[in-house]
Every structure is written in C-alpha cells, then in structure tokens.
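Given next are the chains, with one letter for each unit.
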Amino acid sequence: MSTLVIVESPTKARTIRNYLPKDYRVEASMGHVRDLPQSASEIPAAVKGEKWAQLGVNIEADFEPVYVVPKDKKKIVTQLKDALKGVDELILATDEDREGESISWHLYQLLKPKVPTKRMVFHEITQEAIKKALTNCRTIDEQLVRAQETRRILDRLVGYTLSPLLWKKIAWGLSAGRVQSVAVRLLVTKERQRRAFHEGTYWDLKASLLQEKSPFSAQMVTLGGTKVATGSDFDPATGQIVAGRNVVLLNEEQALELQERLEGKTWTVTDMEERPVTRKPSPPFTTSTLQQESNRKLRLSARDTMRVAQNLYEQGYITYMRTDSVHLSDQAITAARSCVEQKYGKQYLSPQPRQYTTKSKGAQEAHEAIRPAGSTFRTPQETGLGGREFAVYDLIWKRTVASQMADSRQTQITIQLQVEDAGFRSSGKRIDFPGYLRAYVEGSDDPEAALEDQEVILPPLKVGDHPSCTELASVGHETQPPARYTEASLVKTLESEGIGRPSTYASIIGTIIDKGYAQLVSNALIPTFTAFAVTDLLEKHFPDIVDPSFTSKMEQTLDDIATGEAKWLPYLQKFYLGEQGLETLVRERESQIDGTKARTVELENLDAKVRIGKYGPYIEVENGEGVVTASIPKDLTPADLNPKQVEVLLRQKTTGPDQVGRHPETGEPIYVKIGTYGPYVQLGDKTEENPKPKQASLPKGVTPENLTLDMAVGLLALPRTLGVHPETGAKIQASLGRFGPYVVHDQGKEGKDYRSLKTTDNVLTISLERALELLAEPKKGRASSSGKSKAALRELGTHPDDDAPINIYEGPYGLYIKHGKTNVSVPEGQTAETITLSAALELLQAKASTTKSTRKTSKSTTSKTNSTTSKSSNSRGKKKEASS
C-alpha cells in the first residue's frame, strides 16, 4: 500500500520523510495553493464584469469567495495531481492551526482525490510524534476552515474597500487593514503624545560615600522633611509640577547652594530595612512572547524571528511556533526537569513541576507552548546550529528549562541617611539564591553576567553609623517624552488589547514598514507623516476601523465563529452591507472627503502646513510673495518638526542655503543644504556649465550647526586615496556610503574589498596603517577561512523544480537573488524584505529565458499554462469533508 503525504514546505517534507515508512511519499504544497485574486489579471473571465470582481468576494451571493490558483502555483498543483496517481491513500499533514487546516481543505478541493483521505496533525516533528499522529488521523475540521475563511474574507473586505479610497485621497500604493490600521494608529498616538510633551527640568544631589573603606552611593530624596521632585511629579502636557503635588523643586542655583551648605557636614544612618523578595520564572514562550524577547535580546524583527522559528520547527528542533498557549506537556516538563538536574543540580529544581495557565484574550490554536522538540532536550551546543538559528533555539531552550527551576530568592535593602535637613536614600539588592536566574534572565543574553548586574552590594551598615562623604555633586535632569514603540512593545500591546492574532503580527509590522507608515530606527518604530494623514482620515470618517476595542470585539466574534457560537454570514452582512456597514460608509463619505485636506497633516504649535505629495511629505507656507514649499528630510520625525526647523528649510528655498565658507583651493562657495535624505554639503553653484556640483552627505553625529569649513572641505575631497596595499599594489581609499564610512581595497578585475569603519575611526583622518588593520579582519557575512559561503540576507524558500534554496544576498552592486548558479538582480525599489518567492521565481524564469534565447536554443523556454483560473465548484453549503 502506497501513501502520499502533503506538507507545506520542502524542509518539512525532508524532515518528516525520515520518520515515515519507505512506501510513504512526501511532497510539499509550498504554502497555500489557492487564494483570493491578488491582481486584476487573476480575476476569472467569467466574473470580470461584475461590480464586486475586484474584491474577489461575491457579496451578492452570500459572500462567496472566488478562489484562484496563483500563476506560480499551477505547476505545483499539476505535480501534486501527478503524485496522487497510483497511490492508495492521501494524508494531508499541513500545520495544525487554522491556516494549516485551510491549506488542507484547499488541497482536497483542488486534487479531488478518489482514494481514502486523512488529516494528520502534530505539534512537533519527531519520530515519536509522527508515529503517534499516524495512528490518530482525523477528518478536516470544517469549523476551523470556516473561521479562517471568514477572517480572510473580512480582511479582504476591509483592505480592498478602504485602500482605493486612500489612493484617491492621499497617495497611490497605500493600504488599510483590519489590524494594520489599528497598529499604525497606536504608533501615531504615541508620536502625538511626544509632540504634545513639554520638558520639565529639576535638580537634586548625589553623594559618593565610604563606610570602612567600602564605597556606596546615595540619592537625595527629601529636603526639610518634604519630598524632592522627580520626573514622575511633572505634568507632561505643561512641563510643570502636577497641581496639588507637595514637593520641593530645585533649580541649578539652589542645588549648588545646597551642595555648598552640606559640604563637610556629618552623615548619619537613620533607618535600615531588609525585605525578602521571591521571583518566579516566566512561562515558556508563546508566539507573542518569543517575538518580544527575540526583539529585545537578539534585535531580530518579528518577521525574522518567525522565519527562523519556522525553519527550526521544520527541521525538528522545536515544537510548532504559532501558539497562544503556555501549557507544557508532561513529556516536556520531564525533559526540562532532567536538563535542570543534569546541568545545574537538584537544588535548582522547583519543588513541584510547574504548569502555566494561558491568560491572553482569545487564546487558542496549538495546545502547547514553544519548546525544544522531543522527549529529551538537546542543549544548544548539541544541535550543531549556527547564527540566528542557534540564537533563537538557545533562547527557547533557556526559557523552557528555566520555567521548571526554583524561585529566585533576593533581599532588597534600603538605607535612609540624614545630613542636616537633607534626606538621602541608598538601595541595594542581594541575591541569596539565584534559582532560575542561573539559566535565564529576561532581557539579558548572559545569565551569569546578568546575575552580577542585578546585585547592588552595600557595605555592612547599622542605624547610627556615620559614613564619610567623599563627593557631593549637584545633578540636573530633564523629563523624557513617552518612549516610542519597539516591535516588542507593539506586539505586547496588540496582544494585551486582543487585537489580531499573534501569528500575524510579524507580517503586519513588516507591512507597516514596507508601506512607508513607519521607519525602524535604533529598534524604535517611528510613524511617518503619511501615517499621520492616513490615521487622521480613518479617525474622522471610519472611527470603528481604528478603534482598538471595536477591533478586539471583532476578533472575539471571529473566535466565536470558529467554535460555532456565532454565525458567520449574518456577521459579514451586518459589517459590510448594514446601514452602518463599511460599503455604505465608504459610498457616503467618499464625496465628503476633501483630497487636499486629507493630504494635509495638522500639527500643534506649527503654522506651516505639512502635506503628503507625490514624492513624499513637504512643508507649505504662504508669505507675501506667494506659496513656498520645501521637502521634509526623511530623518525628521513628526514629533521633532518645530518652527525653527521649518524656518531653516524654508530659508534654504527663499534666500538660498547657508554658506560654510569658500574652498581654500578653488575659491568656490561651500553650502550646507538639507535634502530629502538629510543635510549635505555642496561645492559651488548649480549652473548650465556645472549641472552636477560635487556633493557629500554629513556623517552621523555631524550637524549643520557644528560643521566646520575644514570638515566640509574634507568631505568634498572624498574618496581619499590612502595609499597602496603592500601585497597587491592596489589602491586603498576611504569614503562615505549609504551604510556609513568605509575603506575599500580596489583590485580592479579581482574585485573590491570593503570594511566599515569603527565608531572610533574618522573617515577624514584615517591612516593607511589603520585601513590595513581593518582590511585584515574577517569580513562579516563573507566567505571565511573555513570555506563557508557568505550568509544570505534572507531565505525565500526552495525552487519547485529542484528543491534548491532561493536566497537573497548583498553584492558589490546591490541585492541579488541566487538559485544554484543563477544570479539575478533585485529590481529597483524592492528590498530584501519586500521581494516574494513568487516574484523571485518569475525573475529567475525571465533570466533563464533570456539566457537561452541568446544562445539560440531551439526549444521553447516557456511552457504554455492553462489560462483558465481554477475556482471552487462547490458552493459554501456543499463542502466535501475528507474522510478517514
């Protein structure tokens, strides 16, 4: 008896093949084989004339979805149909969540198997798990399929109804989304708070003290029996002390006077408190908490984290990575406790096995937390993994093992001191027993180092002691605006509010960045002016769409549909076609929305208008001679745009740029200008004879205010030739690029070897000797002495023809896609994150066709494909169920 098993990916297929009998054939569907049309060209000819055709959902026939087989999946479907011929049984073994259930259903509908068909699910890819799953197959879960389908239809209705409105009113290419638009609003709201923020200033004293030759520090907390003001006492809206707050606010002069008055006075310990504290380990990872911690510790984006976790799961290293559950199976608890005992000793085991309860809203999907796979956990060192895969596995291993470890016992120590009428406090912490901290400290890469960081050891002190003061300093402070969201904090907020599914957060955040709604700068998500314009429009005309509570209720309804507690059709009808339905609102509001106003961002305390233009945001101001406009640099954020900056940008347009001085050799003026990509210097004026005057960007840390003439001359002289390489005789230069300052060893036909400068290096003064030191260092991501090839920026997947990987790399001339020996450049405007597998396959196909045609190959390089788009022949009420 022969059996065909279908999974999603070639990696998963290769892993699962090791645990199945020899007469089992495993093939990959490469993800979804059917979906709603993604473009006008995919819409079936039979429905192209219908007014709802662009939606891909027949809203006139009970929201019947129009399913098509994407162009890049037609060959895969044909291969799967061929593989089905001659087998006695079909097993659909896609992932166990809603998405996986949907893929299995679509496969069943397309393949129309005439042999017995089963649905197999498993939480991890191990021999034991696969063997158990084979004996516990079931039928396709119709409710899960319906829940996924309803969610997909709802997302399509929101996106495809609102996005065209944004194109008309603000800018082409924008998008709206059920969860995406709420997430963007969260970013914008935080940026508005930062813009409305007023800084407060306060001063206090800090003392360095000595007790029996042991140093410690103390902070002033009271003066004359009244609390000294701290940052929490300020109103962020005014920058003043909150009304009714009884505190002492010191300015610099008063702080210095107090410092002088207390110099040489006697210090006395007036009180001492030791308080025992017990800390428990965090639960094992869910999808959301893994994304958060990976972002905090490893600086990986949510999208990269999920990509790496997917690879680890498919290779059999971890359990399924899309889960809301913190539950651990008995097998996992036993494995984790065994690791604790072997690596740390019995004293580090929790007295009883720990089991955790899921608290997040609408928790569902998989039944277990993310953990190392199997009945015994391989240590990270035993896996043979490297790079990001090792780092993520290490994180998961530590978190899982730590969850079964003993509590950490600590002692918090607080000492009160008095000098004259000033009260000071010194705080310390002693770790009496590290417990789980020995394995894992949240937010820290090195638990051993983290233990030391967490301890603040104070000298032995008792009430009545008189420590000596070695230094007393007055310290000024400024209150800080609310911190912007990071990917970690945004994911945490979305989950706590019950908005969307954690399994979708990675793609949502990726879309927000790709669509230009946010920039990721130093791990912070900074909303753009476009995000402000879109959020303003949606808040004014479609408030429910960006209301977190409304979206959360919508999510709950979708979960109720999955369990059968709510009916999907009445809900869609009310949401889209009701009196206050989305279609009705868009039809009514479209004529009321003024495009000019929609493209205008109104900012508090700013007379200038900010508008969204074809080439990005710009400032518009009316003066006596008419309207003056100026582009806003990309690094200038909405929270930081102020009247002074507006004045600088407009002055450049009206009176010309500021002149730094004249070049000492040519006598030409050197200007400092501000462009779309930030400030830069320009040598001479732009004329017909000199249409492209020499320009150079200011390096990081250099502003127009601190730019000197010597620096400007040096920047315009780049690239600098430092000398020649002693081994090759080729020249070595220093210059500035889009990734910062660098040195390059130019060997002509042999290629160029680049190295980025360190923060301590100066591109204007770096010597040949220092450049040679940098060039002698191994190049990150490049081939090393071990012979390993350079690391891919992104792994797209595998080629359907030969299962060979398709990856994206960074080359001397930009990004390129590699499959086997074929390389093809990434099109202009695309990034490593935006390119899709299907797009890469098309580019590789085009490259292959071009290559073959130039060789005058007689065979046709393009196989004819059936232009008829596949569509489900079954009505919604007549779905076939896979039978066991």
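This text goes with the structure placed above it.
Predicted model, so just to flag it, every value in this text is computed and none were measured.

K.L.:
Can you help me understand the overall build of the protein chain in this one?
P.N.:
Across its full length, the protein chain holds 24 helices and 33 strands. Relative to its length of 884 residues, the protein chain is compact, with a C-alpha radius of gyration of 32 Å against a globular reference of 29 Å. Expressed along its principal axes, the backbone C-alpha trace of the protein chain runs to roughly 95 × 85 × 75 Å. Scored against the burial criterion, the 884 residues of the protein chain give a buried share of 49%. Partitioning the intrachain contacts of the protein chain with sequence separation of at least 6 by distance along the chain shows that 66% fall at a separation of at least 24. Looking at the protein chain as shown, the accessible area adds up to about 44000 Å², and 49% of this sits on carbon and sulfur atoms. On the protein chain, the mean spot of the 118 positive side-chain charges and the mean spot of the 114 negative ones are 7 Å from each other.

K.L.:
Can you walk me through the side chain of Ser181 in this structure?
P.N.:
You can see Ser181 is positioned in helix H6 (residues 180-196). Those residues within four positions of Ser181 in sequence are excluded, and the remaining contacts are Ala176, Leu538, Ile545 and Val546.

K.L.:
Honestly, the pairing of strand S13 (residues 408-419) in this entry has me stumped. Any pointers?
P.N.:
Pairing between strand S12 (residues 268-279) and S13: 11 bridges, direction antiparallel. What sits directly across from Asp271, in S13, is Gln416. Direction of pairing for S13 relative to strand S14 (residues 422-433): antiparallel, over a ladder of 11 bridges. Across the sheet, the residue bridging to Gln418 is Gly423, located in S14.

K.L.:
Just checking my understanding: could you explain the pattern of salt bridges for this structure?
P.N.:
Two side chains bearing opposite charge may form a pair once their charged atoms approach each other closely. Going through the model one piece at a time under the given rule, you end up with 46 salt bridges. A salt bridge links Arg371 to Glu124; its shortest N-O distance comes to 3.3 Å. Within this pair, whereas Arg371 is found in the loop between helix H10 (330-343) and helix H11 (380-383), its partner Glu124 is found in the loop between strand S6 (117-119) and helix H4 (127-134), the two being separated by 247 residues in sequence. The exposure classification of Arg371 matches that of Glu124, with both residues buried. For Arg151, the salt bridge is made with Asp559, and the minimal N-O distance between the two is 3.6 Å. Of the two residues, Arg151 is situated in helix H5 (residues 142-169) and Asp559 in helix H17 (residues 548-563); the sequence distance between them amounts to 408 residues. Asp559 matches Arg151 in its accessibility class, with the two residues each being buried. When salt bridges with common partners are traced through the structure, they connect Arg98, Arg151, Asp155, Arg178, Asp324, Arg501, Glu555 and Asp559 into a single cluster.

Thresholds, definitions, all that
- Residues numbered from 1 in each chain as written.
- Predicted model: local features only at pLDDT ≥ 70, side-chain atom pairs only at ≥ 80, totals over all residues.
- Heavy atoms only, no water.
- Helix = DSSP H or I, 4+ residues; strand = E, 2+ residues; numbered from the N terminus.
- Rg over C-alpha atoms; globule rule 2.2 N^0.38 Å.
- Buried < 20%, exposed > 50% of the residue type's maximum accessible area, 1.4 Å probe, protein only.
- Contact = heavy atoms within 4.5 Å.
- Areas by Shrake-Rupley, 256 points an atom, 1.4 Å probe, with all protein chains shown as cover.
- Lys, Arg positive; Asp, Glu negative; His and termini not counted.
- Charge placed at Lys NZ, Arg CZ, Asp CG, Glu CD.
- Pairing = 2+ DSSP bridges.
- Salt bridge = Lys/Arg side-chain N within 4 Å of Asp/Glu carboxyl O.

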